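Structure assessment
Residue strings, one per chain:
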Amino acid sequence: MAGVELRQLRYFVAVAEELNFGRAAGRLLIAGPSLSQQIKVLERDLGVRLFDRDRRSVSLTPAGAALLPHTRALLDRADDLRRRAGRLSGSEPVRLGYVNWLPPDLTARTAAVAELHVDAWVAPSHTQAARVAAGSLDLAVCWAPRADLERLGLRSRLLGADRLYAVDVGLGSDAQGSSRAVAARDTVVLLDDDATSWSSWNVYGRELAGTTGARAVRIGDGGVTGPAFFDHVRRLRRPVVNCPKGQGSPLPPDLVRRPILPPEVYWTWSLVRRAREERAAVLGVVDALCDGVGDLGTREPQAWLPADDPHAPTG
């Protein structure tokens, strides 16, 4: 028993589940002959035959069937030990991407569980979600609808939420213009022809217009944010919904901010990971950032989210 390794026990479980050395080898990403040899070594070290095999079939021996549940339990305990150790060490690197918003206390909340590396490439939500799915990021803070999460094999938890407002032309010297609420149906939503940069916002904006009666206006100059956005507000002379990327931008003196209601319009920020993620450090970062966040007002009766938002009420 002194020579038995956890790696060999994982090989045993894979062959027992597949009952085919070729499929098990493919699942384990090792060569078939190497797998067969490792099983023979394990059988020798344990002193029992685990499988009956011939050219056509593989089956568990009575000893193999009896040892299988105990082996699974042992591997589960080993995995749990690894996860706990990873949470304590805080040394395993985790790669995090984002769009334009991160929690202000990000480092303080994650320092005890992982070595967090914030990726320097700031990209649109759909791009960051795809990078997580592809493995070039471990986590991303982005907006992703349920359909995209399912298609990419991702899971999400609510990390933040912005209540969106409208930007409008000021009413002369009336400094209180920013306090006057505007109904969602009386706003304008800008949809940009650049689907590469604005894919997620366009999806969101089209549903906002379709369900609330807001007017959708197509543009092609990137004016969803920045100075061009302010020019569109002046040209349209109607309240224009402010994109989350512009939430913190100071307004020119001739424009005012107006709350939207009814309904109250929310944009959510999800922390996205791979559905099959098992690394303790990655799961530890998710828990450290998302535990205790709550619903941030998104489940209040007056709140609006797209129906496919993963944090929208269902049923």
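I will try to describe carefully the structure that is included in this document. (Residues numbered from 1 in each chain as written. Predicted model: local features only at pLDDT ≥ 70, side-chain atom pairs only at ≥ 80, totals over all residues. Heavy atoms only, no water.)

**Focus: the packing of helix α1 (residues 6-18) against helix α3 (residues 32-46)**
- Close contact between α1 and α3 brings their axes to 10 Å; oriented N to C, the two are set at 110 degrees. The orientation of α1 with respect to α3, classified from their angle, is roughly perpendicular. As for how α1 packs across α3, the hand of that crossing is left-handed. Where α1 approaches α3, its residues Arg7, Gln8, Leu9, Tyr11, Phe12 and Val15 are matched on the opposing element by Leu35, Gln38, Ile39, Val41 and Leu42.
- Of the residues in the contact of α1 with α3, the class split is eight nonpolar, two polar and one charged. (Axes fitted to C-alpha atoms, helices over the stretch in contact; angles between N-to-C directions. Helix = DSSP H or I, 4+ residues; strand = E, 2+ residues; numbered from the N terminus. Parallel < 35°, antiparallel > 145°, perpendicular 65-115°, else oblique. Left-handed = near helix turned anticlockwise from the far one by under 90°. Contact = heavy atoms within 4.5 Å. Nonpolar A, V, L, I, M, F, W, Y, C, P; charged D, E, K, R; others polar.)

**Considerations on the pattern of salt bridges**
- A complete count under the given rule lists 23 salt bridges for this structure.
- The shortest N-O distance in the salt bridge between Asp119 and Arg131 comes to 3.2 Å. A residue pair is termed long-range when its members are at least 10 positions apart, and Asp119 in the loop between β4 (115-118) and α6 (125-134) and Arg131 in helix α6 qualify at 12 residues.
- Under the relative-accessibility criterion, Arg131 is labelled buried at 12%.
- A salt bridge links Glu264 to Arg163; the nearest nitrogen and oxygen atoms lie 3.7 Å apart. Linking Glu264 in strand β12 (residues 264-274) with Arg163 in strand β6 (residues 154-163), this pair joins segments that are 101 residues apart in sequence.
- Look at Arg163 and you get partly exposed, because its relative accessible area is 33%.
- Sharing partners across several salt bridges, the network here consists of Glu17, Glu18, Arg23, Arg27 and Arg72. (Salt bridge = Lys/Arg side-chain N within 4 Å of Asp/Glu carboxyl O. Buried < 20%, exposed > 50% of the residue type's maximum accessible area, 1.4 Å probe, protein only.)

**A short note on the state of the cysteines**
- Across all of its chains, the model carries zero disulfides by this definition.
- Left without a disulfide partner, Cys142 is nearest to the cysteine sulfur of Cys290, which lies 12 Å away.
- The thiol sulfur of Cys243 is not disulfide-bonded, and the nearest other cysteine sulfur, from Cys142, lies at 14 Å. (Disulfide = S-S within 2.5 Å.)

**Brief notes about the packing of aromatic side chains**
- For the structure shown, the criterion picks out 11 aromatic pairs.
- Aromatic pair Phe12 and Phe51: ring centres 5.7 Å apart, planes at 65 degrees, arrangement edge-to-face. With Phe12 in helix α1 and Phe51 in strand β1 (residues 51-53), this pair connects stretches of sequence that are 39 residues apart.
- Aromatic pair Phe229 and Phe230: ring centres 5.8 Å apart, planes at 65 degrees, arrangement edge-to-face. (Phe/Tyr/Trp six-rings, centres within 6.5 Å; stacked < 30°, edge-to-face > 60°.)

**Points about the side chain of Thr61**
- Inspection of the secondary structure puts Thr61 in the loop between β2 (58-60) and α4 (62-89).
- Only 3.0 Å separates the side chain of Thr61 from the backbone nitrogen of Gly64, close enough to count as a polar contact.
- With near-sequence residues (within four places) excluded, Thr61 lies in contact with Arg49, Leu50, Phe51 and Asp52. (Polar contact = N/O pair within 3.5 Å; in protein donor to acceptor, adjacent residues only side chain to side chain.)

**Some points on the environment of Thr314**
- Summarising the element assignment, Thr314 is placed in the segment after β13 (303-304).
- Of the residues examined, Thr314 reaches a relative accessible area of 61% and is grouped as exposed.
- In this structure, the C-alpha to C-alpha distance between Thr314 and Ala281, residues 33 residues apart in sequence, is 31 Å.

**Details of the side chain of Thr268**
- Along the chain, Thr268 falls in strand β12.
- Exposure remark for Thr268: the relative accessible area of 0% places this residue in the buried category.
- Dropping the residues within four chain positions of it, Thr268 is found in contact with Cys142, Trp143, Leu158, Gly160, Ala161, Thr298, Leu305, Asp309 and His311.

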